[in-house]
Amino acid sequence: DAKTTQPTSMDCAEGRAANLPCNHSTISGNEYVYWYRQIHSQGPQYIIHGLKNNETNEMASLIITEDRKSSTLILPHATLRDTAVYYCIVRVVNYGGATNKLIFGTGTLLAVQP
Amino acid sequence: DTEVTQTPKHLVMGMTNKKSLKCEQHMGHRAMYWYKQKAKKPPELMFVYSYEKLSINESVPSRFSPECPNSSLLNLHLHALQPEDSALYLCASSQEAGTEETQYFGPGTRLLVL
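If you're wondering where the values come from, they're calculated on a predicted model, not measured in any experiment. (Residues numbered from 1 in each chain as written. Chains lettered and ligands numbered in written order. Predicted model: local features only at pLDDT ≥ 70, side-chain atom pairs only at ≥ 80, totals over all residues. Heavy atoms only, no water.)

Asker: Explanation requested: the overall build of chain B in the structure shown.
Answerer: Regarding its fold elements, chain B presents 0 helices and 11 strands. For chain B, the α and β elements follow one another from N to C terminus as β-β-β-β-β-β-β-β-β-β-β. Taken over C-alpha atoms, the radius of gyration comes to 13 Å for chain B, in line with the 13 Å a tight globule of 114 residues would show. Taken along the three principal axes of its C-alpha coordinates, chain B extends 40 × 25 × 25 Å. When burial is assessed residue by residue, chain B has 48% of its 114 residues classed as buried. Contacts spanning at least 24 positions in sequence make up 55% of the contacts within chain B whose residues lie at least 6 apart. Across chain B, 12 positive and 12 negative side-chain charges occur, with their mean positions spaced 11 Å apart. (Helix = DSSP H or I, 4+ residues; strand = E, 2+ residues; numbered from the N terminus. Rg over C-alpha atoms; globule rule 2.2 N^0.38 Å. Buried < 20%, exposed > 50% of the residue type's maximum accessible area, 1.4 Å probe, protein only. Contact = heavy atoms within 4.5 Å. Lys, Arg positive; Asp, Glu negative; His and termini not counted. Charge placed at Lys NZ, Arg CZ, Asp CG, Glu CD.)

Structure (structure tokens):
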């Protein structure tokens, strides 16, 4: 699985959009980009994933560059409850296989400020 | 319902004790996982069960013994642990082990080995 690089920490003002970057320059064609977050002392929470098209759900948007070497997670209106460590993960999906492994990087600590 | 439950929430044990961690899901998922998370580090995969059979063991020491008695339950038996095994133990589940399906995490069991 390809490795990801994320900033160690970021700040965001409450109510503003939070844009979290992730670099995955060695990504392969069959690798998906996943985002999870972990609020302090809780289990990781799935946010969104995508292969090459931009994706949006009720929590966030995922923008993947055309060459797929980087992506950005966008929280449109950050709240204090969005303070968490955000993990960008690149994962091979082997249909019919048994390799649904999530390899977490060090993640970005997003601190939403009042 | 996307809930994975884990018991106990906290556990303190001595190095000669035998204890078990339990994980349960009722989403009909056929893949279940154990992760270990040390303080200020990302989660690391330990074991993957697919259709109640162990499919991945990430070279975990034998003092950790997983068990999947049925498709809804996952146990982690602990024996002769070391203080360095103190960590947050996370359980997760997904529809299948080899698809792009989301992994859902439980809240974890915080283990302290004295």
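Asker: I keep staring at the pattern of salt bridges and nothing clicks. Help me out?
Answerer: Taken as a whole and judged by the stated rule, the model has 4 salt bridges over all chains. One salt bridge in this structure joins R37(A) and D82(A), with 2.8 Å as the shortest N-O distance. On the criterion of sequence distance, the pair formed by R37(A) in strand 3 (residues 31-38) and D82(A) in the loop between strand 7 (70-75) and strand 8 (84-92) is long-range, its members being 45 residues apart. Look at D82(A) and you get buried, because its relative accessible area is 13%. A salt bridge links R30(B) to E52(B); the shortest N-O distance between them is 3.2 Å. Taken together, the positions of R30(B) in the loop between strand 3 (18-25) and strand 4 (31-37) and E52(B) in the loop between strand 5 (44-50) and strand 6 (53-57) put the pair 22 residues apart, joining distant regions of the chain. The partly exposed category is assigned to E52(B), whose relative accessible area is 34%. Where salt bridges share partners, they join K36(B), R63(B) and D85(B) into one cluster. (Salt bridge = Lys/Arg side-chain N within 4 Å of Asp/Glu carboxyl O.)

Asker: It is not clear to me how a nonpolar patch on the surface should be interpreted in this structure. Could you clarify?
Answerer: All names here are of chain B. Together, V12, L112 and L114 give the surface a local cluster of nonpolar side chains, amounting to about 290 Å² of exposed area. Position of V12 among the secondary structure elements: in strand 2 (residues 10-13). Assessed through its relative accessible area of 51%, V12 is described here as exposed. (Patch = residues over 30% accessible without salt bridge, like charges linked within 9 Å, V, L, I, M, F, W, Y side chains within 5 Å. Areas by Shrake-Rupley, 256 points an atom, 1.4 Å probe, with all protein chains shown as cover.)

Asker: Would you take a moment to explain the environment of A17(A) for this structure?
Answerer: All names here are of chain A. Within the secondary structure, A17 sits in the loop between strand 1 (9-13) and strand 2 (18-23). Spatially, the C-alpha atoms of A17 and A78 are 5.8 Å apart, while their sequence positions differ by 61 residues. Beyond its immediate chain neighbours, meaning those up to four positions away, A17 contacts C12, L75 and P76.

Asker: Would you take a moment to explain the nonpolar core for this structure?
Answerer: The tendency in soluble globular proteins is for nonpolar side chains to be buried side by side. Residues and elements named next belong to chain B. Grouped together as the largest cluster of nonpolar side chains are 23 residues, with contacts concentrated most on W34, F64, L76 and L78. Listed by contribution, the elements that provide at least two residues to this core are strand 2, strand 3, strand 4, strand 5, strand 7 (64-70), strand 8 (73-79), strand 9 (87-94) and strand 11 (109-113). Discounting chain neighbours no more than four positions away, the residues touching F64 are M46, F47, L76, H77, L78, L81, D85 and Y89. (Core = buried A, V, L, I, M, F, W, Y, C linked by side-chain atoms within 4.5 Å.)

Asker: I keep staring at the sheet that holds strand 3 of chain B and nothing clicks. Help me out?
Answerer: Sheet strands line up and pair through hydrogen bonds in the backbone, either parallel or antiparallel. Residues and elements named next belong to chain B. Pairing in this open sheet of 4 strands is antiparallel, and the strands run 1-3-8-7 from one edge to the other. In this open sheet, the two strands that pair with only one neighbour each are strand 1 (4-7) and strand 7. Put simply, the sheet's adjacent strands are angled 20 degrees from each other on average, direction ignored. (Pairing = 2+ DSSP bridges. Axes fitted to C-alpha atoms, helices over the stretch in contact; angles between N-to-C directions.)

Asker: Any chance you could explain the state of the cysteines here in plain terms?
Answerer: One covalent bond between the sulfur atoms of two cysteine residues makes up a disulfide. Summed over the entire model, instances satisfying the criterion amount to 2 disulfides over all chains. Between C22(A) and C88(A) runs a disulfide, and the two sulfur atoms are separated by 2.1 Å. Across the S-S bond linking C22(A) and C88(A), the dihedral sits near -80 degrees, which makes this disulfide left-handed. Here the residue C22(A) occupies a position in strand 2, and C88(A) occupies one in strand 8, the gap between them amounting to 66 residues. A relative accessible area of 0% places C88(A) in the buried class. Disulfide pairing is shown between C23(B) and C91(B); the S-S distance is 1.8 Å. Note on the C23(B) and C91(B) pair: the S-S dihedral is about -70 degrees, so by sign convention the disulfide is left-handed. With C23(B) in strand 3 and C91(B) in strand 9, the pair connects residues that are 68 residues apart, well separated along the chain. As far as burial versus exposure is concerned, C23(B) and C91(B) are alike and both buried. (Disulfide = S-S within 2.5 Å.)

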